Amino acid sequence: MRTHVSAMADDSGGMLSWDESVFRDEHVFEIDYVPDAFRHRESQLQTLQYALRPAVRGNRPLNAMVRGPPGTGKTTAIQKLFGELGGRPGVRPVRVNCQVDATRYGVFSRVFQSIFDYEPPSSGVSFKKLFGQVADRLVDEEEVLVVALDDVNYLFYENEASDTLYSLLRAHETHPGAKVGVVLVCSDTDLDVIEALDGRVQSVFRPEEAYFPVYDREEVADILGERVRVGFRDGALPMNVLDRVAEQTAEAGDLRVGIDMLRRAGLHAESRASETVAIEDVEAVSERARNHRLTRDIETLSDAERELLGTIADHDGGRAGDVYDAFADRTDLGYTRYTELVNKLDRLDLIDARYESLEGRGRSRTLTLAHDAEAVERRL
Ligand SMILES: Nc1ncnc2c1ncn2[C@@H]1O[C@H](COP(=O)(O)OP(=O)(O)OP(=O)(O)O)[C@@H](O)[C@H]1O
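My aim in this report is to walk through the structure given alongside it, one point at a time.

Reading guide: rules and limits
- Residues numbered from 1 in each chain as written.
- Predicted model: local features only at pLDDT ≥ 70, side-chain atom pairs only at ≥ 80, totals over all residues.
- Heavy atoms only, no water.
- Near = heavy atom within 4 Å.
- Polar contact = N/O pair within 3.5 Å; in protein donor to acceptor, adjacent residues only side chain to side chain.
- Areas by Shrake-Rupley, 256 points an atom, 1.4 Å probe, with all protein chains shown as cover.
- 1 Å grid on protein atoms, 1.4 Å probe; cavity = no way out; pocket = protein on both sides within 12 Å on 5 of 7 lines; lining within 4 Å.
- Sits in = over half its atoms within 2 Å of the grid points.
- Helix = DSSP H or I, 4+ residues; strand = E, 2+ residues; numbered from the N terminus.
- Salt bridge = Lys/Arg side-chain N within 4 Å of Asp/Glu carboxyl O.
- Buried < 20%, exposed > 50% of the residue type's maximum accessible area, 1.4 Å probe, protein only.
- Phe/Tyr/Trp six-rings, centres within 6.5 Å; stacked < 30°, edge-to-face > 60°.

**Brief notes about the site of the ligand**
The ligand sits among 23 residues. The nearest are Arg39, Lys74, Thr75, Thr76 and Tyr215. Here arginine 39 contributes a backbone N or O atom positioned 2.8 Å from a nitrogen atom of the ligand. Between the ligand and threonine 72, the relevant distance is 3.0 Å, taken from an oxygen atom to a main-chain nitrogen or oxygen of the residue. Protein contacts shield 95% of the accessible area of the ligand, which totals 630 Å² for the unbound molecule. Given that more than half its atoms are within 2 Å of the pocket grid, the ligand belongs to the largest pocket. Elements represented by at least two residues in the shell around the ligand include exactly α3 (74-86), α11 (217-231), α13 (255-271) and α15 (292-299).

Structure below.
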């Protein structure tokens with residue numbers, strides 16, 4: 001029997017005891033959790049199954065492209081399908097997170113690691129050799145390789161996308177008998193993937209497309225309701241609270257906001273020694289949860305990118321040339337690299353880089369933070 005909470009609160013100065021919790025299984029709110037139930041994505045899964053089916057018969061699958069805004073289930077769909085494919089003999093599905101591995105060498109290192117069970121050296125081995133070993137093994141073992149390039153937009157930002165795809169898509173020419181299929185997963189809805197590829201890649205890449213739209217409010221409530229059922233104790237998160245979270249999540253358009261909000265609201269309820277989560281807990285955590293993506297995006301930036309974001313925060317709304325002067329004082333990077341970094345921050349929606357015409361002096365860009373400066377600076 002659990003002790004009544006108010007008694008616990010009195011005994012321990014307003015805290016639940018360490019082993020008391022509103023959660024049944026807190027892990028279901030963590031980022032690496034793959035849910036058992038995956039609803040409202042039936043047609044997208046069907047399209048992808050259709051494309052990948054030849055692989056289980058030992059043939060090259062159709063290439064595919066998965067598109068849609070962040071937090072709409074793209075990665076989860078791949079994890080589900082690849083989980084199933086991985087159990088089939090003769091198929092090797094590999095999902096590469098391009099946010100982490102944003103170069104051709106990085107992508108092939110992941111594939112190598114999946115095949116050989118150890119990581120290749122990060123330098124000293126040529127790409128050609130790495131590729132050769134992967135391809136030879138695929139041919140010897142008669143395995144079909146299916147590579148998902150998740151968050152492939154990062155390969156584009158680093159200008160590595162065309163080379164990577166070229167190598168994968170033409171593997172059968174350089175290594176006869178190699179069978180490779182590619183699934184691109186892109187969360188940058190402003191990026192026209194096909195258009196952004198080199199002509200030599202465009203001519204061989206005609207993917208099947210699966211689009212993942214933002215979930216509507218009912219879908220969000222249904223999905224989050226299931227998460228609550230698995231993750232919270234019975235009755236610990238009432239319906240009205242779920243509705244409030246669903247409403248805010250649908251507004252944000254990213255399911256991750258809701259999952260994060262549920263977890264934080266649960267922790268907040270615990271911190272005030274309550275066995276149930278209330279609207280006030282949601283209110284208390286909602287700003288942090290809504291900025292979840294901002295936190296994640298800033299975490300993935302390189303030192304130079306952070307430095308630039310900090311410089312823009314200090315010169316919010318400034319002209320690109322002026323911001324560069326300030327940036328150059330802090331780093332030794334040249335203007336070309338600076339422009340690349342500006343473009344990347346713009347694409348990540350961390351800043352808005354807009355052209356303005358200067359009377360009689362051509363055009364210049366102004367750089368403005370896309371988020372509240374304080375929220376950005378707190379995360380840098
Ligand atoms: N239909 C669904 N049912 C249950 N959980 C879901 C569903 N769709 C998404 N999720 C959950 O929402 C979160 C975000 O999903 P996911 O990572 O698949 O999104 P994504 O579209 O790949 O996002 P990004 O583009 O930012 O990588 C995950 O925790 C995932 O478990």
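**Brief notes about the pattern of salt bridges**
This structure, assessed with the given rule, holds 22 salt bridges. For glutamate 305, the salt bridge is made with lysine 344, and the minimal N-O distance between the two is 3.2 Å. Of this pair, glutamate 305 sits in helix α16 (residues 303-314) while lysine 344 sits in helix α18 (residues 335-347), and the two are 39 residues apart along the sequence. The two residues glutamate 305 and lysine 344 agree in class, both being buried. Taking the shortest distance from any N to any O, the salt bridge between arginine 330 and aspartate 314 comes out at 2.4 Å. Of this pair, arginine 330 sits in helix α17 (residues 320-330) while aspartate 314 sits in helix α16, and the two are 16 residues apart along the sequence. For arginine 330, a relative accessible area of 37% gives the class partly exposed.

**Details of the packing of aromatic side chains**
In the structure shown here, the tally under the stated rule is 14 aromatic pairs. Measuring from centroid to centroid gives 4.8 Å for tyrosine 324 and tyrosine 335, while their planes differ by 75°, and the two rings are edge-to-face. With tyrosine 324 in helix α17 and tyrosine 335 in helix α18, this pair connects stretches of sequence that are eleven residues apart. Given the relative accessible area of 16%, tyrosine 324 is considered buried. For tyrosine 335, a relative accessible area of 41% corresponds to the partly exposed category.

Purely geometric numbers; function is a separate question.
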